[in-house]
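Structural characterization, general
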Amino acid sequence: MNRTTCLAPLYLVALALGCSNEPKEEAVTLVDDVVADAGPDQRPDAQPRLGEDQRVEVFAGEHVYWSGWDEGQNRREVDVEVTLPGAEESYASIELDFALRCPNRTRCDWWDRLGSFGLVERAGEEDERYVELSRFITPYRIGASWRIDLTDLRPLIQGDVTFRVFIDTWVGPGHQNGDGWLVDASLDYTGGVPERPVVDVSPVLPMTRVNVGDPASSIDEQLGELEGTVAAGASRSALRVFI
């Protein structure tokens, strides 16, 4: 019997470690990340401008639901444009604070639903690309919250960004099985120098659906070849992947 599953995105993450006249030991602990250590010619001499601690709101009680196909009834997917700190500012950490709440306190969707949060590159254009930052399953009839470290994805989350949330719900206001979900999402920036300054992030594989268990169509055949480009001057690289 065949079944369909979703593959998580892969990111090629390149990082550059700062330089000094004094020798120092470089110790990096990674989980599914790639470190790229730039050569001496690529390392900046000037200290970065430290950003201020701040929270940037992305979604605040955004109602995600479905009540039909007419205009305004299908809000399973919602986009919002947000202005984030620019590339010239340095942050020691960037964390996503994400939460699901029940409409009218107790009217959460009854069922477990697939959900995704990410950003949209070139939103509205023919070559629009969705870059997933978090994936989740909603709980049954209650809210939930979690935090995710996005520090290594800094090059993707700066300046003017379009964010997207999607929940595969099929209920809405007045439905016997709940009114959908309220979504809160914020980015917490802590000023400072990150342990691993990132110079480039290149999405390699977007969220992809494949058929599993079909002997006539292997996963390798469905995905084809995957290619990624390592940033110029990087001496080390690796993949970041979440499922």
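Starting afresh in each chain, residues are numbered from 1 along the sequence in its written order. Reporting in this predicted model follows two pLDDT cut-offs: at least 70 for local features of residues, and 80 or more for side-chain atom pairs to be given and counted; totals over whole chains, interfaces and linings ignore these cut-offs and use all residues. Side-chain numbers here rest on the full set of heavy atoms in the structure, without hydrogens or water.

1. A word on the state of the cysteines
Linking two cysteines covalently via their sulfur atoms produces the bond known as a disulfide. Stated formally: The definition used for a disulfide is geometric: two cysteine sulfur atoms within 2.5 Å. The rule is simple: take the accessible area with a 1.4 Å probe, protein chains only, and divide by the maximum for that residue type; under 20% is buried, over 50% is exposed, in between is partly exposed.
With the rule as written, the count across this model stands at one disulfide. Across a sulfur-sulfur distance of 1.9 Å, Cys102 and Cys108 are joined as a disulfide pair. Residues Cys102 and Cys108 share a disulfide whose torsion about the S-S bond is about -100 degrees; that sign makes it left-handed. Residues Cys102 and Cys108 agree in their burial class; the two are buried.

2. Topic: unusual backbone geometry
Definition in use: The secondary structure listing takes helices from DSSP runs of H or I that are at least 4 residues long and strands from runs of E that are at least 2 residues long, numbered from the N terminus.
The backbone of Asn104 shows a phi angle near 55 degrees, a positive value even though the residue is not glycine. Within the secondary structure, Asn104 sits in the loop between strand E7 (89–101) and strand E8 (114–121). With a relative accessible area of 60%, Asn104 lands in the exposed category. Unusually for a residue other than glycine, Arg105 sits at a positive phi of about 75 degrees. Mapping Arg105 onto the fold places it in the loop between E7 and E8. On the basis of relative accessibility, which here comes to 79%, the residue Arg105 falls in the exposed class.

3. Structural notes on the side chain of Thr162
Formally: Contact definition: two residues touch when any of their heavy atoms are within 4.5 Å.
Among the secondary structure elements, Thr162 is positioned in strand E11 (residues 159–167). Thr162 has contacts with Asp79, Val80, Glu81, Gly118, Leu119, Val120 and Ala123, leaving out every residue within four places of it along the chain.

4. A short note on the sheet that holds E8
Note the cut-off: DSSP bridges decide pairing: two strands pair if at least two such bridges lie between them. Axis lines are fitted through C-alpha atoms, for helices just across the contact stretch, and the angle between N-to-C directions can take any value from 0 to 180 degrees.
A sheet is described by the order of its strands in space; here four strands give the open sequence E6-E11-E8-E9, paired in antiparallel fashion. Two strands in the sheet have a free side with no partner beyond their single neighbour: strand E6 (77–84) and strand E9 (129–137). In this sheet, adjacent strand axes meet at a mean angle of 25 degrees when their direction is disregarded. Where E6 meets E11, eight bridges bridge the pair, whose relative direction is antiparallel.

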